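As a plain string of letters, each chain reads:
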2 protein chains.
Amino acid sequence: MSQTVERALRILELFAERPRSLGEVAADLGVHRSTALRLVQTLERGGFARPVDGRYTVGFRMVAIAHQAVEQLDLHPVAHPHLVRLGDRYGHTVHLAQLVDDEIVYVTKVDGRGALRMRSRVGQPVDPHTSGVGKAVLAHLDQPARERFLARLTYPRHTDTTITDPVAFRAELARIVERGWAEDDGEFEDFVNCVAVPVWDARGRVVGAVSITALRALAPLERLHEHLPELTGTCAAISRDLGWPGDPP
Amino acid sequence: MSQTVERALRILELFAERPRSLGEVAADLGVHRSTALRLVQTLERGGFARPVDGRYTVGFRMVAIAHQAVEQLDLHPVAHPHLVRLGDRYGHTVHLAQLVDDEIVYVTKVDGRGALRMRSRVGQPVDPHTSGVGKAVLAHLDQPARERFLARLTYPRHTDTTITDPVAFRAELARIVERGWAEDDGEFEDFVNCVAVPVWDARGRVVGAVSITALRALAPLERLHEHLPELTGTCAAISRDLGWPGDPP
DNA sequence: GCGATAGTTGCAAGATTTGCAACGGACGGG
DNA sequence: CCCGTCCGTTGCAAATCTTGCAACTATCGC
């Protein structure tokens, strides 16, 4: 609706990938260099962009605002200490995803102790059919909401184990409800697997999920399964902090 | 330079504080509601804003971009695992600040185990005269850069212990260089104190600092001092990961 | 010293944004 | 039940604000 703002946002997207020169920005937007300059300058004066050796990148105001935004989410503040404790315990990567309106978003990540770090996901929407947290939330959603999700779901294949069949996916969701937890058996990336457990609010509705993720080489599913009691306990603790009465779902 | 973009950024700032209705936005910007609507819609379609029960807030694209930006910083990725380990050890809050151009910015925070969480600072510029990390970096900066910092420094008082005298501040910096670490004795907030140690790069220049922060009631300075060997070790490890030869400064 | 690339500025043209007025829906009090 | 208010939304004409141009400067590398 506003061309100018659209261009400014596009510029921020460009900066997020990697630092860009004014020329690159202008070329990408298809505008004159002077136009690009004025947009970038505006971003810079607002702290949304900053120069870095002959190029521009995302500015710190942006970082600060985003951080503030995450802290405003209901789940993050109550869950965080629990997640840190959980991360401590096994040294694996811990993710928290929250159900926000009609999408599921990664809200917190606690890095594991290994040298490798998972490609980061905070702020990104969860892919429901290839992630533990996605399946955990989806499975425990109430009927109409789940159907709304499923309706707009596509099933692109990422690995051999990716579930690409809607019917099989529904079966998987049913299984998850039954046992109370979900897993990702290398369905997004071959060498990564995880287990995930849902989090409940005061009214007994799913609000998100917590997952323990690890390289298969480091901790295969069987090993992660051993952490399920701890993970379930953590999610119960978070849920109780949210006012959950504590009944089994 | 671009009024429209300026307004869009202003809107994001508003959303960061708390969710806003269109009317509030329009009022704050001093524009017609329809104008505000079109700007907000543009932000929303870009994922930079999102509706939340009758109001608008910061969108997740914003969060994702900011996160990506932080990961691009040189210090963050190498330092993070060390910080987590340090946080584990004592359960106190750990901050990492990085020197970026002519400012020092909080880049990472590892929350402590206590129920209380520090008011968050990631992405925010460090106040050099009231923070451990600020003083640690400033003290070890090369002469000209330090003078440039000092030149534009004001010394607003926040607490009884805030250093408000430029001369006293220089003396403090000298003391910090001598002993190799800095402290914040409730200089920003009465009840919070911290110790901080600088981080070096391959060429032996300060690139940032790490601090261990705690409520005074929980861990007074004397207690934090006991953690200095560990903190110094962590900073040395980070510095070595950055290519620091390992000579004492 | 030449050529390339980066950033910057004034100005005129006009595309883009703006304010207006009016509509529909939701909510709450009277 | 109706009125008042506050929400978001749309079409349109006016004009503000943005845009592209062209020219200038600076820096880097050959």
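Throughout what follows, the structure given in this document is the object of discussion. What you see is a predicted model; the values in this text were computed from it and never measured. (Residues numbered from 1 in each chain as written. Chains lettered and ligands numbered in written order. Predicted model: local features only at pLDDT ≥ 70, side-chain atom pairs only at ≥ 80, totals over all residues. Heavy atoms only, no water.)

Examining helix α4 (residues 60-72) of chain B
No. 1: Between its first and last C-alpha, α4 of chain B extends 18 Å over 13 residues, near the 18 Å set by a 1.5 Å rise per residue.
No. 2: Taken together, the buried positions of α4 of chain B are F60, M62, V63, A64, I65, A66, A69 and V70 of chain B. (Helix = DSSP H or I, 4+ residues; strand = E, 2+ residues; numbered from the N terminus. Expected span 1.5 Å × (residues − 1). Buried < 20%, exposed > 50% of the residue type's maximum accessible area, 1.4 Å probe, protein only.)

Description of the protein's contact with DNA strand D
No. 1: If you check the shell around DNA strand D, you find 21 residues, and the closest are R7 and T35 of chain A together with Q3, L22 and L37 of chain B.
No. 2: Here the atoms of DNA strand D within 4 Å of the protein split so that 59% fall in sugar or phosphate, with bases taking the remainder.
No. 3: In the environment of DNA strand D, a base nitrogen lies 3.3 Å from a nitrogen or oxygen atom belonging to the side chain of S34 of chain A.
No. 4: S2 of chain B is positioned with one of its side-chain polar atoms (N or O) 3.2 Å from a phosphate oxygen of DNA strand D.
No. 5: The set of elements that each furnish at least two residues to the surface near DNA strand D consists of α1 (3-17) and α3 (33-45) of chain A together with α1 (3-17), α2 (22-29) and α3 (33-45) of chain B.
No. 6: At 5 residues, α3 of chain B tops the list of elements feeding residues into the surface near DNA strand D.
No. 7: Split by residue class, the surface near DNA strand D holds 5 nonpolar, 12 polar and 4 charged. (Near = heavy atom within 4 Å. Polar contact = N/O pair within 3.5 Å; in protein donor to acceptor, adjacent residues only side chain to side chain. Nonpolar A, V, L, I, M, F, W, Y, C, P; charged D, E, K, R; others polar.)

Brief notes about the packing of α1 of chain A against helix α2 (residues 22-29) of chain A
All names here are of chain A.
No. 1: Interhelical geometry of α1 versus α2 gives an angle of 125 degrees and a closest axis separation of 11 Å. Our classification of the angle between α1 and α2 gives oblique. In the packing of α1 onto α2, the handedness of the crossing is right-handed. Between α1 and α2, the residues in contact are R7, R10, I11, L14 and F15 and V25, D28 and L29, respectively.
No. 2: The residue inventory of the contact of α1 with α2, partitioned by class, reads 5 nonpolar, no polar and 3 charged. (Axes fitted to C-alpha atoms, helices over the stretch in contact; angles between N-to-C directions. Parallel < 35°, antiparallel > 145°, perpendicular 65-115°, else oblique. Left-handed = near helix turned anticlockwise from the far one by under 90°. Contact = heavy atoms within 4.5 Å.)

Some words on the packing of helix α4 (residues 60-72) of chain A against α4 of chain B
No. 1: α4 of chain B packs onto α4 of chain A with a crossing angle of 125 degrees between their chain directions and a minimal axis gap of 8 Å. Considering their axes alone, α4 of chain A and α4 of chain B lie oblique with respect to each other. Regarding α4 of chain A and α4 of chain B, the two cross each other, and that crossing is left-handed. Contacts from M62, V63, I65, A66, A69 and V70 of chain A of α4 of chain A reach α4 of chain B at M62, V63, I65, A66, A69 and V70 of chain B.
No. 2: Here the residues of the contact of α4 of chain A with α4 of chain B sort into 12 nonpolar, no polar and no charged.

Comments concerning a negative patch on the surface
No. 1: Together, D53 of chain A together with D101, D102 and E103 of chain B give the surface a local cluster of negative charge.
No. 2: Mapped onto the fold, D101 of chain B is located in the loop between β3 (93-100) and β4 (103-110).
No. 3: Take D101 of chain B: its relative accessible area is 53%, and that puts it in the exposed class. (Patch = residues over 30% accessible without salt bridge, like charges linked within 9 Å, V, L, I, M, F, W, Y side chains within 5 Å. Areas by Shrake-Rupley, 256 points an atom, 1.4 Å probe, with all protein chains shown as cover. Salt bridge = Lys/Arg side-chain N within 4 Å of Asp/Glu carboxyl O. Lys, Arg positive; Asp, Glu negative; His and termini not counted. Charge placed at Lys NZ, Arg CZ, Asp CG, Glu CD.)

Describing the protein's contact with DNA strand C
No. 1: Lining the immediate surroundings of DNA strand C are 18 residues, of which Q3, T4 and L22 of chain A together with R7 and T35 of chain B lie closest.
No. 2: Taking all atoms of DNA strand C within 4 Å of the protein, the share assigned to sugar and phosphate is 57%.
No. 3: In this structure, Q3 of chain A approaches DNA strand C through a main-chain N or O atom, which is 2.7 Å from a phosphate oxygen.
No. 4: A distance of 3.4 Å is found between a phosphate oxygen of DNA strand C and a side-chain nitrogen or oxygen belonging to Q41 of chain A.
No. 5: Of all the secondary-structure elements, those providing two or more residues to the surface near DNA strand C are α1 and α3 of chain A together with α3 of chain B.
No. 6: Per element, the largest residue contribution to the surface near DNA strand C is 5 residues, and it comes from α3 of chain A.

Quick notes on the interface of chain B and chain A
No. 1: Counting residues at the interface gives 57 residues for chain B and 57 residues for chain A.
No. 2: Summing both sides of the interface, chain B and chain A together bury roughly 5,000 Å²; the carbon and sulfur share of this comes to 62%.
No. 3: Inspection of the chain B/chain A interface yields 4 salt bridges.
No. 4: With a closest N to O distance of 2.9 Å, E6 of chain A and R45 of chain B form a salt bridge.
No. 5: In this structure, the connection of chain B to chain A is made through 12 residue pairs in polar contact (both at pLDDT 80 or more).
No. 6: For the side of chain B that touches chain A, the secondary-structure elements that each account for two or more residues are α1, α3, β1 (49-52), β2 (55-58), α4, α5 (75-90) and β4 of chain B.
No. 7: In terms of residue count, α4 of chain B provides more of the side of chain B that touches chain A than any other element does, 13 residues in total.
No. 8: Each residue belonging to the side of chain B that touches chain A can be placed in one class, and the counts come to 26 nonpolar, 14 polar and 17 charged. (Buried area = accessible area lost by both parts, 1.4 Å probe.)

In short, shape yes, function no, at least from these values alone.
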